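Residue strings, one per chain:
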Amino acid sequence: MKPKSADLLIVNGTVLTFDANNTEISNGVVAVSKDSITAVGPASELSDWSASRVVDAGGGIIMPGLINSHTHASMTCFRGLADDLQLMTWLNEHIFPAEAKLDEQKVYSGAMLACAEMIMSGTTCFCDMYLYEDAVARAAKEAGMRAVVGEVLYNFDSPNYGPIEKGFEYTQTLIDTWKGDPLVTIAVEPHSTYLCAPELLKKAFDLARAFRLPLVIHLAESKSEVEEIKERYGRTPVEHLAELDVLAPNVLACHCVELTPNDITLLQQFDVKVAHNVESNMKLASGVAPIPRLLNEGICVGLGTDGCASNNDLDLFLEMDTVAKLHKVKTMDPTAMDARTVLKMATIQGARALGLDESIGSLEKGKKADLIIIDIDKPHLTPMYNPVSHLVYAAMGSDVRTSIINGAIVMEEGHLKTINLKTVLDNISRIAKEIEKD
Ligand SMILES: [Zn+2]
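Keep in mind the model is a prediction, meaning the values are calculated, not measured.

Focus on the sheet that holds strand β11 (residues 215-219)
Neighbouring strands of a sheet are bound in pairs by backbone hydrogen bonds; such pairs are parallel or else antiparallel.
Right, on to step 1. Within the open sheet, the 4 strands sit side by side as β11-β12-β13-β14. Their pairing is parallel. Strands at the two margins of the open sheet, each flanked by one partner only, are β11 and β14 (301-303). Averaged over all adjacent pairs, the angle separating strand axes in this sheet is 30°, with direction ignored.
Right, on to step 2. Sheet analysis places strand β12 (residues 251-255) next to strand β13 (residues 273-276), joined by 3 bridges and oriented parallel. From the neighbouring strand, C254 faces β13, where its bridge partner is A275.

Pasting the structure below:
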């Protein structure tokens, strides 16, 4: 048989595919040509493959890149600015005044810092909601990261686009500008049921449907939000969206902490996707989302870090550890949220939540080559009886040593290839000085 050739071969590692059979290959090889995976299998079966470039995984773990299904990347600018405060004090006295100082350049720099942090901790795709999202899209593209981005829409004037009509124009421009981009997908992103009037929500939904885009929204994040919506409309936030006919499979509902049994039924019926942001919910004392119940109902749940000001990092490995443990305590059941379930939420389920599961989320022939290599030659990862266990309960983002997105190596042996980290850090230090003064 003729030898088969690829652009890139990743060899000498344990491959966790996260395919439908959870295939694991102890000495596996992944072949990549251009932006896609062309073969995955045991080294013994792929011995006739050759490539112009070979990456040695050094006996580590080769797995799909992690997917951050909800964040506000540029909030890295506010990391550690204000902690341990009541939500409204935190927002009104610290975050909103700091956000008033943002402009497109600062959002770009913040997003670039977020991309550096995400790539260095194993995330290859993120879903973003913020202001000046064209700058976030540009940062992601330059960093070589896959991203779903959308301009936040609400019924008060935005520092970026002004009144809401302009917000829809801005979103349309994003859709037109980024159409067909290999890395960037646009989403329509109304902030929440409390900051968006019914007409805004309906219009956003129609726009998302017309262009077959995800609609991303914060939903049922806290008790006070649910009370406010009940007072205004006589319904829970989820029921409110159902009443407006804006629940559908392309809707990604972020947080979903406060849900009634009827809310859960509605999310299930309409195949709404959920982004679980456990550390943000803990830090802001929002509560514990009923994720084991949602999963039991067959609802698709991805993991998100939320913005950096309420977390305060973008490391999905740490997030996974917390997800697995918090739900065990909450349910008083150590079998709840097993490691594999949590890993799937950070990979293939995250991809599904973003409508990207046909192209990413698992290592399978024909999918886009988004993958990471984890170094296991570390004291805290030795011995390794079960890689799935280690990835959730012992590994950290800093154990990721190589990252490939859309077939391109964006980090190799811990060195970023697409981002000048020194420049990014210098820019953020300057921005932080501006934010700090007054
Ligand atoms: Zn959020």
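Alright, that's what it looks like, and here's the rest.
Re the coordination of the zinc ion
Right, on to step 1. Only H70 (NE2), H72 (NE2), H218 (NE2) and D306 (OD) from the protein coordinate the zinc ion, and they sit 2.1 to 2.4 Å from it.
Right, on to step 2. Around the zinc ion, the 4 donor atoms are arranged such that angles at the metal cover 83 to 172°; this shape is classified as irregular.
Right, on to step 3. Sequence positions of the residues that donate to the zinc ion give the spacing H-x1-H-x145-H-x87-D.

Points about the pairing of strand β5 (residues 61-64)
Right, on to step 1. Across 2 bridges, strand β1 (residues 4-16) lies against β5 in parallel orientation. In the strand pairing of β5, T14 is matched with I61.
Right, on to step 2. Alignment of β5 against strand β15 (residues 371-374), held across 4 bridges, turns out to be antiparallel. In the sheet register, I61 faces β15, and the bridge partner there is I374.

So, the pattern of salt bridges
Right, on to step 1. Per the counting criterion, the structure on display carries 24 salt bridges.
Right, on to step 2. Linking R352 and D271 is a salt bridge whose minimum nitrogen-to-oxygen distance equals 3.7 Å. Of the two residues, R352 sits in helix α13 (residues 348-353) while D271 sits in the loop between α8 (261-269) and β13, which places them 81 residues apart along the sequence.
Right, on to step 3. The exposure class assigned to R352 is partly exposed, which follows from its relative accessible area of 29%.
Right, on to step 4. Connected through salt bridges with shared partners, the residues R53, E412 and K417 form a single ionic network.

Procedures and definitions
Every chain's residues receive numbers from 1 upward, in the order its sequence appears when written. Whole-chain, interface and lining totals are the exception, using all residues; otherwise, since this is a predicted model, local features are given only for residues with pLDDT of at least 70 and side-chain atom pairs are given and counted only at 80 or more. By convention in this description, side-chain values take in all heavy atoms of the structure and omit both hydrogens and water. Each pair of strands is called paired provided DSSP finds at least two bridges between the two strands. Each helix corresponds to a stretch of at least 4 residues labelled H or I by DSSP, and each strand to a stretch of at least 2 residues labelled E; elements are numbered beginning at the N terminus. Axis angles are defined between N-to-C directions and span 0 to 180 degrees, where every axis is a line fitted to C-alpha atoms and, for a helix, only to the segment in contact. Each metal's donors comprise the N, O and S atoms found within 2.8 Å of it (within 3.2 Å for Na, K or Ca). Water is not part of the atom list, so some coordination spheres may appear incomplete. Under the classification used here, a metal with four donors is tetrahedral if each angle lies between 85 and 135 degrees, square planar if opposite donors are over 155 degrees apart and the others between 65 and 115, a six-donor metal meeting that same test is octahedral, and anything else is irregular. When a carboxyl oxygen of Asp or Glu lies within 4 Å of a side-chain nitrogen of Lys or Arg, that pair is called a salt bridge. Note on exposure labels: buried denotes an accessible area under 20% of the residue type's maximum, exposed denotes more than 50%, and partly exposed covers the range between, all computed with a 1.4 Å probe on protein chains only.

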